[in-house]
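A structural walkthrough
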Amino acid sequence: MTDTAFSSLKLHTDLLKNLSSLGYEKMTAIQMQSLPPILAGKDVIAQSKTGSGKTAAFGLGLLQKLEVKHFYVQSLILCPTRELADQVAKEIRKLARTIHNIKVLTLCGGMPFGPQIGSLEHGAHIIVGTPGRIEEHLRKATLKLNHLTTLVLDEADRMLDMGFQSALDAIIEQTPQQRQTLLFSATFPAQIKSIATKIMLEPVMVQVTSSHDESIIKQHFYKVNDEKQRLTALHLLLLQHNPQSTVVFCNTKREAQQIADHLSDLGFSTLALHGDLEQRDRDQTLVRFANKSISVLIATDVAARGLDIDAINLVINYHIARDTEVHIHRIGRTGRAGSKGIACSLYSDKEHYKVALLGDYLNRIIESETLPTLKLLDQPPGKPLMATLLIDGGKKQKLRPGDILGALTGKNGITGKQVGKIHIFDNHAYVAVKQSVIKPALKKLTEGKLKGRSFRVRIIRA
Ligand code: AMP
């Protein structure tokens, strides 16, 4: 039997102890396969996705060989988006919390440049960032990578999808030849293979077969005759399942926006997530979806990749994905963290061959099911449980979740159970509360004080 205990690896005792205090009892599949070659200093290409435990796989690798006494950049992790970079940095800080004095810095686009220079001047061991901004720092010589020992490309396929190829080339050129390169990617298009050949030395391939257990994610397929029926089918499936959190995958930004507009007109609580959104709107959309104030997120593959939300009940493929790996990746957004999920895929005659390919992969014959009865269309869409309040203050004003919770639940306030997720950004914060108490919650926050002062608060309307 393969040993799944972290203690079977030659990790520093500090790291091991911390893993057990974090409650990481067993290695995940990707960790089991990739950690031995990573710790042996080899270049590794790993097929993995968010939720597989990939961050700890490369994170432990780089922490194991980090020399804290040397205050220069030893590891660089490149991520496609700021959200992913933030998640990765958070996970690495967690893994490193027993190592004294370690400095992990995020450098992402969309954030002011000046403070990043200041932080770099103070020195850092590990940098997590997006390619465009890292390239800019290199060009301005505010970042130096001449002591780099580990380079990680996280969600490499997505970085390429987002047009970061030339930034990646420029960055890699400035790293020492003698380095360990780890490449994590959900899919392996030809472009990734060619990058790997160029920048890696005899890489070890690690692939965890994504066996989406059909008892966890129940898949349904529906054939539609034309685009009009496709839209009706989506409407019917949403009414039939009526879940709190659904992601609908579209092939293009335009389609995502059009569908979101259409569903909104029908009374659904929905927003589109695609690459044309400004960072602040993107953050707000994700927050409102994660805190259950928005029930249906209409997303393109590119925009949804970094998304890490546990409780998605339903995934709908408005068009069946262009290839099997993308399909598996999409539906893997549901049925996570021990809960069951449903995935519904719509396809036309022209898309039938993709369904056949998927059937080969899943080793089963896929047949179209009958759509729910049109009578359902008389039913109004379900409403979300929660609503979001936007507070005009954040980390910079030293606001913490406890302050907001305290203000809401204080004297004559609402109960703790009526408060949902709280997300704090630099200069603003969001708090979700039950729809039924939105007015008293607003009143309480507006009239009360947070950190001794008044903030502007408003309800974000759907
Ligand atoms: P990732 O795929 O890196 O985004 O990780 C998904 C989540 O799994 C993160 O919240 C980690 O904290 C958690 N995690 C990673 N490795 C383990 C493990 N071996 N046991 C339990 N949880 C883990």
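Conventions adopted
- Residues numbered from 1 in each chain as written.
- Predicted model: local features only at pLDDT ≥ 70, side-chain atom pairs only at ≥ 80, totals over all residues.
- Heavy atoms only, no water.
- Axes fitted to C-alpha atoms, helices over the stretch in contact; angles between N-to-C directions.
- Helix = DSSP H or I, 4+ residues; strand = E, 2+ residues; numbered from the N terminus.
- Parallel < 35°, antiparallel > 145°, perpendicular 65-115°, else oblique.
- Contact = heavy atoms within 4.5 Å.
- Nonpolar A, V, L, I, M, F, W, Y, C, P; charged D, E, K, R; others polar.
- Near = heavy atom within 4 Å.
- Polar contact = N/O pair within 3.5 Å; in protein donor to acceptor, adjacent residues only side chain to side chain.
- Areas by Shrake-Rupley, 256 points an atom, 1.4 Å probe, with all protein chains shown as cover.
- Salt bridge = Lys/Arg side-chain N within 4 Å of Asp/Glu carboxyl O.
- Buried < 20%, exposed > 50% of the residue type's maximum accessible area, 1.4 Å probe, protein only.
- Pairing = 2+ DSSP bridges.
- Core = buried A, V, L, I, M, F, W, Y, C linked by side-chain atoms within 4.5 Å.
- Domains from an automatic or database assignment.
- Buried area = accessible area lost by both parts, 1.4 Å probe.

1. Considering the packing of helix α8 (residues 165–173) against helix α9 (residues 190–199)
Between α8 and α9, the shortest axis-to-axis distance is 12 Å and the interhelical angle comes to 10°. What the angle tells us is that α8 and α9 run roughly parallel. Across the interface between the two elements, Q165, D169 and I172 from α8 touch Q191, I195, K198 and I199 from α9. Within the contact of α8 with α9, the residues separate by chemical class into three nonpolar, two polar and two charged.

2. Observations concerning the site of the ligand
Neighbouring the ligand are 14 residues; Y24, K26, G51, G53 and T55 lie closest to it. In this structure, a nitrogen atom belonging to the ligand sits 2.8 Å away from a main-chain N or O atom of K26. Contacts to the ligand include G53, whose backbone N or O atom sits 2.7 Å from an oxygen atom. Notes on the ligand: free accessible area 500 Å², of which the protein chains cover 74%. Put simply, the parts of the chain that give the shell around the ligand at least two residues each are α3 (54–65) and α4 (82–95). Partitioned by chemical class, the residues of the shell around the ligand number two nonpolar, seven polar and five charged.

3. Quick look at the pattern of salt bridges
In the structure shown here, the tally under the stated rule is 20 salt bridges. Close ionic contact of R230 with E227 constitutes a salt bridge, the shortest N to O distance being 3.0 Å. Here E227 and R230 lie together in helix α10 (residues 227–241), a separation of three residues that amounts to about one turn. Residue class for R230 comes out buried when judged on its relative accessible area of 1%. Residue D301 pairs with R330 through a salt bridge whose shortest N-O separation is 2.8 Å.

4. What about the sheet that holds strand β16 (residues 429–434)?
Sheet architecture is open: four strands sit in the order β15-β16-β14-β17, paired in antiparallel fashion. Edge positions in the open sheet fall to β15 (419–424) and β17 (457–460), since each of these has one partner strand only. The sheet shows a mean angle of 25° between the axes of neighbouring strands, direction not considered. Inspection of the sheet shows strand β14 (residues 386–391) paired to β17 by four bridges, in the antiparallel sense. Residue pairing for β17: L389 is matched across the bridge by I459. Sheet contacts for helix α17 (residues 438–447): β14, β16 and β17; angle to β14, the most-contacted strand, approximately 15°.

5. What about the nonpolar core?
Membership of the largest hydrophobic core comes to 37 residues, with the highest contact counts inside it found for F58, L63, I77, I126 and V128. Elements supplying a minimum of two residues to this core: α1 (13–21), α2 (29–39), β1 (44–47), α3, α4, β4 (126–129) and β6 (180–185). Within the second largest apolar cluster, 31 residues are counted, among which are L78, L120, I134 and A167.

6. Side note on the domain arrangement of the protein chain
Examined at the domain level, the protein chain breaks down into domain 1 (6–207), domain 2 (217–378) and domain 3 (386–459). Its C-alpha centre places domain 2 at a distance of 32 Å from the equivalent point of domain 3. The interface of domain 2 with domain 3 comprises nine residues on the first partner and 10 residues on the second. Taking both sides of the interface into account, the surface hidden between domain 2 and domain 3 amounts to around 860 Å²; carbon and sulfur atoms contribute 56%. When residues of domain 2 are sorted by the area they lose upon contact with domain 3, R280, V287 and N291 head the list and together hold 51% of the total. Connecting domain 2 to domain 3 are zero salt bridges. Counting across the interface, domain 2 meets domain 3 through four residue pairs in polar contact (both at pLDDT 80 or more).

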